[in-house]
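The chain contents come next:
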Amino acid sequence: PMGWNSWNTFEVNINEDLVKKTADIIVSSGLKDAGYEYIVLDDGWMVKDHRDKNGDLIPDPVKFPHGMKALIDYVHSKGLKFGLYNCAGTQTCAGYPGTRGYEYQDARFYANLGIDFLKYDWCNTNGINATEAYTTMSKALKAAGKPIVFSICEWGDNQPWDWATPVGNLWRISGDIYPCFDCEYKHEEGNWSSWGVLRILEMRKDIRKFSGPDHWNDFDMMEVGNEMTTIEDRSHFAMWCMLASPLIAGNDFRKMKPETLAILTNKNLIAVNQDKLGIQGFKLTVEDGVEVWVKPLSDGAWAVTFLNRTELPKTINFDWKKHPIKDADFGFDADFAKNTYQLQDLWKNKSAGSTKKNFTAAIIAHDVIT
Ligand code: GAL
């Protein structure tokens, strides 16, 4: 899935006008043409503390004065899709009514509203079993009869890659992202951290084999356009493309700089992300602090990204012939000593020689070449 989610920038400060403007901009800016489709309202869309007399969730009438249905209809009228958020526990993370004990009722509520996507979080779950809780909600959504993408968000704590393929369509593999390239942000309240781009990139080992079409490892909503440099945003985006992660933007489209839009809509990189094999890339090697990531593509090509994760400019001098690729998880390989591949620079959108010669380039700190 590709789209936008309110949380990274707005947290619970969401409203009707924001969603409508976001939908308008997705269409007018070219984001829709680039593939961004889902508008997802995260935590904070409900009235706090209670349900209505029938036990239904209540969309906040102050934030959404014309009602949730009218807003969803508006988003649909733009040719886009709409998502909502809740939690498997008794309350959401921000303290709104949770779904525990209301799974079938809430699923019917969402189906009647016509939503297309449900993000289902894991706060206030007090020891319940994650596989069972997510399976119950998955069955409830199916029973409600409206196809709804089911986005599992238990931060990778219960190894969803082991059990969630028949349950959901994407599952978070980490705690929350933070808009920094390589930091851990320790929250003052509670014993938890949010994580920079490189931290999430390295968080799990050996789970790429579990990711694929309709059951994705989700590296979290993007922070492109938030607090990192343009170079870091580029690298963040390139890596999410290499990882075949869902591309859910998390910035304020109303204040987006042209360079942010250019990153988010880069067609070459999006083609790598959306490639129909749906294989998550992996780290092939590291040379002098520059990582080399590779991802097999459906047309027999490979996407290759050089990532300079150091604080220094580096010079790449990469001998392809010394680096055959073997993808043991999916059975793809490339032997550059035997076969020559033509190179295409996806950011510059121009050819870059072939694998016959060493690939040489200067790469500044935190940058990528794909
Ligand atoms: C977290 C989740 C975030 C966001 C937040 C809302 O648990 O990982 O992505 O949804 O809750 O309160």
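Look up a bit, the structure's there.
Residues numbered from 1 in each chain as written. Predicted model: local features only at pLDDT ≥ 70, side-chain atom pairs only at ≥ 80, totals over all residues. Heavy atoms only, no water.

**Considerations on the side chain of Glu291**
Counting through the fold element by element, Glu291 comes out in strand E12 (residues 290-296). Residue classification places Glu291 among the buried residues on the basis of a relative accessible area of 3%. A polar contact is formed between the side chain of Glu291 and the side chain of Lys283, at a distance of 3.4 Å. Apart from the residues within four sequence positions on either side, Glu291 is in contact with Glu202, Lys283, Thr285, Val286, Thr305, Phe306, Leu307 and Arg309. (Helix = DSSP H or I, 4+ residues; strand = E, 2+ residues; numbered from the N terminus. Buried < 20%, exposed > 50% of the residue type's maximum accessible area, 1.4 Å probe, protein only. Polar contact = N/O pair within 3.5 Å; in protein donor to acceptor, adjacent residues only side chain to side chain. Contact = heavy atoms within 4.5 Å.)

**Looking at the pattern of salt bridges**
The final tally for this structure, using the stated rule, is 23 salt bridges. Where Asp73 meets Lys69, a salt bridge forms, and the shortest distance between an N and an O atom there is 2.9 Å. Of this pair, Asp73 and Lys69 both sit in helix H4 (residues 67-77), four residues apart, which is roughly one turn of the helix. Owing to a relative accessible area of 37%, Asp73 belongs among the partly exposed residues under this scheme. By relative accessible area, which is 38% here, Lys69 ends up partly exposed. (Salt bridge = Lys/Arg side-chain N within 4 Å of Asp/Glu carboxyl O.)

**Digging into the packing of helix H5 (residues 103-113) against helix H6 (residues 130-144)**
For the pair H5 and H6, interaxial distance at closest approach is 8 Å and the crossing angle is 45°. Looking at the two axes, H5 sits oblique to H6. Between H5 and H6 the crossing geometry is right-handed. Where H5 approaches H6, its residues Glu103, Tyr104, Asp106, Ala107, Arg108, Tyr110 and Ala111 are matched on the opposing element by Thr136, Met137, Lys139, Ala140, Leu141, Ala143 and Ala144. (Axes fitted to C-alpha atoms, helices over the stretch in contact; angles between N-to-C directions. Parallel < 35°, antiparallel > 145°, perpendicular 65-115°, else oblique. Left-handed = near helix turned anticlockwise from the far one by under 90°.)

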